[in-house]
Amino acid sequence: MTSRPKGSDARPPTWVRRLLRATLPAGPVGTAVLGDLEQEFQARVRRGDAGAARRWFVRQGVGVAFWATADRVRGRGWSRDGRSPGTGAGGPGGGTFSGLPGELAVSVRALLRSRGYAAAVVLTLALALGSTLTVFTVVRGVLLRDLPFPEPDRIVRIDRVYEGLPRDGSVSWPDFVDWQDGSSSFASMAFWMGNDGTYAQDGVAEIWEGVAASSELFDVIGVSPLRGTVPQDEWNVPGAELIALSHRLWQERFGADPDLVGRTIDFHGRTLRVVAVLDPDFTFPAADVDHFVPLLDTSFRTRRGAGFGRVVARLADGRTVEAARAELLPLVERIDTETGEWDEGVAIRPFHEVEVAGVRRVLWVLMAAVLAVLGVAVANVAGLAMARVESRRSELAVRTSLGAGRGRVFRMLVGEQLLLALAGGALGGFLAWLGVPALLATAPAELPRTEAVRLDPVVLFLGVSLAFVAGMVSGLLPAVRGVRTRVSELRSGERGGSPSGGARVVHAGLTVIQIAGAVMLLTAGGLLTHSFRQLTAVDPGFRAVEVLTVELGLPRGPYGEPELVLDAHDRLFQAVQAIPGVVRVGHSTHLPFTTSTISVTTTPEGEVRRDGSDRLLSLEVVNGDYLAAVGLDPIAGQALPVDRDGPLRLTVINEAAAERFFPGMDPVGRAISFQPEVGEEPTAESLIRIVGVVPDVRRGGLDEPTSPTAYFALADFHRYFGFVSGRFGFLTIETEGIDPYSIVPGVRAAVAELDPRLPLISVATLEDRVRETVLAERFRTFVLGGFALMAVALALLGVYGVTSYGVRRSLRDVGVRMALGAPASRVRREVLMVAARTAGVGVLLGLGGAWAIGPVLSSLLFGVEPRSPLFLAGVAALAGSACVLAAWQPAARASRTDPARVLRGE
């Protein structure tokens, strides 16, 4: 093994020096080149690794000799200013690879010699760019992409307004008819409502999601059927036996049968004629809608209070939303005054805006978060590039002295970063290709328009642009620093000593940016995590453990009469009750957290009816032992009688209803009515007697307040309202000592025994249904928390890197001080103090940003104050401590510096 040269006694290999003297041009140029190479060799020896210095001198010397010989053969001279073709950024002989290809080749060779650095940069940018493109793809598909309809900006939703807010599904058929006849701002207006149904044929039993609508819907959307046509006059006949199928259903269920139009199918107990197959772009109101049918001829058509529908319209040419609102609002007010309604008007909004209203803020917050991660990543890469340039200052000085101009050195350094950034962008695009499906798979069902989410040329162009910008931003500062390096500076002793003031400031600034961004994201992620924990700790008001729920839909044809529905329930209850482990069985039309409720205006006995939102009461129709199965035992009075032959007009109400309608009184034994006219008292025949009070249930979600609710027995509801209910709803089964899912085969057999054409629409425990209500909160908490952890990791790596770089560049000063008696603990403390000051500035800036975005986050939080001083102080302490810990290892390494070794190097 070759012995290691010591200090200034080390000499470069003699044979290389002789080779250089023989090949370099005679005179000052050759002397300067040889001198610069030997000077760099001595500098590398003083750093403590003479073997590496010798290997470097051999590589450089042989390369210089080769290019010098090649240029001499071609008759190309050398000059000190580097402007002759025979010199370049790659050293002498750059003319062989002149221009951009040559500079790229030089950059690639330099990066191959620094594989660790290249891998760190590429992976950092790939993660950041991949995350950015993934989220942007979703944002673009959901929020930015136009609806697939002609002139989509003219399509609007019209909703009733209650308590100052538009309410979905609140328009009655008489309202729609009056609006349609009395306004001129719309080219067409359509009424529609949900209409799921059962398809049972050829051994297939499944639920089709669909829409019952007026014929104008097809004019509003403006997309013609792919096959067949929608007969306007025939379609508008109430209860017409027609159906239009979606393109997807036509392909998947009927094998794209070209002769399907004109044939009949059995659907939901009716025989319907297929009149059209819709275009693939007819994705209204969502891509998973299977069918469209005419509106049924039911009593809701004559009841203005039966606000179960939705209205969509197309603005007339030249009309704006504001003009349409100005015309329609006086009409609505006049109609409400004439009919005694109490509604607060209407809201007219672009259809796309209504569709994405529930996710708009969340997606933009995620987009801002991922851009912050990208900013932290670019700052991190810029810091790495600065450290690399500082470690290459000797090399860059030699290149300059060999004739490479500032422009070429600048382009080389920026080119290296661009190559790495583009490589990171390519890998990031691949990660986005994997990430988009993964993100959609974890997204809540409320995320609309997922069919429009896809990587497209716009997203890819954005990825290339972001990669280019990231490369330029992270490469400019290091390149500017690199081209200023001079051999004279190295000779004066800057090499191997403390970093220059400018370099220290730039490094500290980049680290501050990383810490500030990480603190903002850590605050947002922490707030959402705390909010999620608060939300999941909320008591829903009912017992969800060991309760299985099965959603069923009885076809209108075979079960169109109240007695038929009640008989079907009785048979199901008996069959399911016989399954081992089943304790109670019941049925409810409106399970908490799953469906909307029926709301009616309520008048207590002895009062005059007045209208207003404070008079609304939600109705839930139950049968069997539903209330007991979900733990809603009476806290006052008695349980609700469910015998179909029992007393008429009895109900139990919840605590919220008791407080609203009977404040300070015992409601048991009192009565309410839903039928008086405005200004009149309830008649004796319309009264409903309250027999009990049950606990409140959070119906709309864990984050929504309880609402006044009344529970009706199914048989009693039929007799009071004359309306067939209970065909759709949830079989609710309480079990004991078994896994509720274990009885699913038995339940399926019981349903098949009742009617083999009935599919189970959905099967889940009540506990799982409660979990599903917080999927949106879990999704945004998980995603934003992941971005926060990524940013924190990058910031800590930045702190570690800048501290390590400072220690490495200051080893001479540290060695001298320790030789003069400075204790190791003091050196370690001073290094940590420098890191703590940098971290402190970053944490303060990050807290300021977190304070500023608090109002934006407030709408996404539950039970959490976004500007809580205690919470922000905790984030500051956590982030500051993590930064100091990241600097501990470099500080410890500095405290173990061997003064003798450093001084020998001097």
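Presented here is an overview of the structure given in this document. Computed from a predicted structure; not experimentally measured.

Calculation notes
Within each chain, residue numbers correspond to sequence positions counted from 1 in written order. Since the coordinates come from a predicted model, pLDDT governs what is reported: local features require at least 70, and pairs of side-chain atoms require 80 or more to be given and counted, while whole-chain, interface and lining totals use all residues. Water and hydrogen atoms play no part in the side-chain values, which are based on all heavy atoms of the structure. In this text, buried Ala, Val, Leu, Ile, Met, Phe, Trp, Tyr and Cys residues form a nonpolar core when linked through side-chain atoms within 4.5 Å. Partly exposed describes any residue whose relative accessible area lies between the buried limit of under 20% and the exposed limit of over 50%, with all areas from a 1.4 Å probe on protein chains only and scaled to the type maximum. The contact rule is simple, with two residues in contact once any of their heavy atoms fall within 4.5 Å. Numbering of helices and strands runs from the N terminus; a helix is a DSSP stretch of H or I covering at least four residues, while a strand is a stretch of E covering at least two. To estimate how far a helix should extend, the number of its residues minus one is multiplied by 1.5 Å. Here a polar contact is recorded for every N or O atom pair within 3.5 Å, except that within protein the pair must consist of a potential hydrogen donor and a potential acceptor, and residues adjacent in sequence are included only if both atoms are side-chain atoms. The rule for a salt bridge is simple: a side-chain nitrogen of Lys or Arg has to be within 4 Å of a carboxyl oxygen of Asp or Glu. A patch consists of residues whose relative accessible area exceeds 30% and which take part in no salt bridge; residues with like charges are grouped when within 9 Å of each other, and nonpolar side chains (Val, Leu, Ile, Met, Phe, Trp, Tyr) when within 5 Å. Each accessible area value is a Shrake-Rupley result obtained with a 1.4 Å probe; residue values ignore everything except the protein chains displayed when judging cover. Charge assignment in this entry is limited to Lys and Arg as positive and Asp and Glu as negative, and neither His nor the chain termini are counted. Every charge is mapped onto a representative atom, which is NZ of Lys, CZ of Arg, CG of Asp or CD of Glu. Simply put, an axis is a line fit to the C-alpha atoms, just over the touching stretch for a helix, and the angle between two N-to-C directions goes from 0 to 180 degrees. Reported orientations rely on four angle classes, namely roughly parallel under 35 degrees, roughly antiparallel over 145, roughly perpendicular from 65 to 115, and oblique for the rest. In this classification, Asp, Glu, Lys and Arg are treated as charged, Ala, Val, Leu, Ile, Met, Phe, Trp, Tyr, Cys and Pro as nonpolar, and every other residue, Gly included, as polar. Handedness of a crossing follows from how the near helix is turned relative to the far one, being left-handed for an anticlockwise turn of less than a right angle and right-handed for a clockwise one.

1. Structural notes on the nonpolar core
Counting residues in hydrophobic clusters, the biggest one holds 84 residues, and the most contacted among them are L125, V142, L363, I515 and L784. Other than its neighbours up to four places away in sequence, L363 contacts V138, V139, V142, L143 and L447. L552, I653, V693 and V751 belong to the second-largest nonpolar core, a separate cluster that totals 44 residues.

2. Looking at helix 26 (residues 824–852)
The end-to-end C-alpha distance of helix 26, which contains 29 residues, comes to 42 Å, matching closely the 42 Å that a straight helix rising 1.5 Å per residue would cover. Buried within helix 26 we find V827, V831, L832, A835, T838, A839, G842, V843, G846, L847, G849 and A850.

3. Let's talk about the side chain of S673
Structurally, the position occupied by S673 is in strand 21 (residues 671–673). Owing to a relative accessible area of 0%, S673 belongs among the buried residues under this scheme. A polar atom in the side chain of S673 sits 2.9 Å from the side chain of S686.

4. Observations concerning the pattern of salt bridges
Throughout the structure, instances matching the rule amount to 21 salt bridges. Here D257 ties to R263 by a salt bridge, and the two come within 2.4 Å at their closest N and O atoms. Relative accessible area serves as the criterion here: at 18%, D257 is assigned to the buried category. A residue is classified by how much of its surface remains accessible, and R263, at 40% relative accessible area, is partly exposed.

5. Here we look at a positive patch on the surface
Judged by side-chain charge, R55, R59, R109 and R113 come together as a positively charged surface patch. Take R59: it is sitting in helix 3 (residues 50–74). On the basis of relative accessibility, which here comes to 52%, the residue R59 falls in the exposed class.

6. Re the packing of helix 18 (residues 562–577) against helix 21 (residues 714–721)
Relative orientation of the contacting elements helix 18 and helix 21 amounts to 175°, with a least axis distance of 10 Å. The pairing of helix 18 with helix 21 is recorded here as roughly antiparallel in orientation. In this structure, helix 18 uses P562, V565, L566 and H569 to contact helix 21, whose residues at the interface are L714, A715 and H718. Of the residues that constitute the contact of helix 18 with helix 21, the class distribution is five nonpolar, two polar and no charged.

7. Quick notes on the side chain of R314
Structurally, R314 can be placed in strand 12 (residues 310–315). Despite its burial, R314 remains without a salt bridge, the nearest opposite charge being carried by E151 at 4.1 Å. A polar side-chain atom of R314 sits 3.5 Å from the main-chain carbonyl oxygen of E151. At 3.3 Å, the side chain of R314 and the backbone oxygen of I221 are in polar contact. Ignoring sequence-local partners within four residues, the contact set of R314 consists of P150, E151, R154, I155, F186, A187, S188, D219, V220, I221 and G222.

8. With respect to the packing of helix 6 (residues 173–182) against helix 10 (residues 321–339)
Viewed as axis vectors pointing N to C, helix 6 and helix 10 meet at an angle of 135°, and their least axial separation amounts to 10 Å. When the axis of helix 6 is compared with that of helix 10, the two are oblique. Note that helix 6 runs across helix 10; the crossing there is right-handed. Contacts between helix 6 and helix 10 involve D178, W179 and G182 from the first element and E327, L328, L331, V332 and I335 from the second. Of the residues assigned to the contact of helix 6 with helix 10, the class counts are five nonpolar, one polar and two charged.

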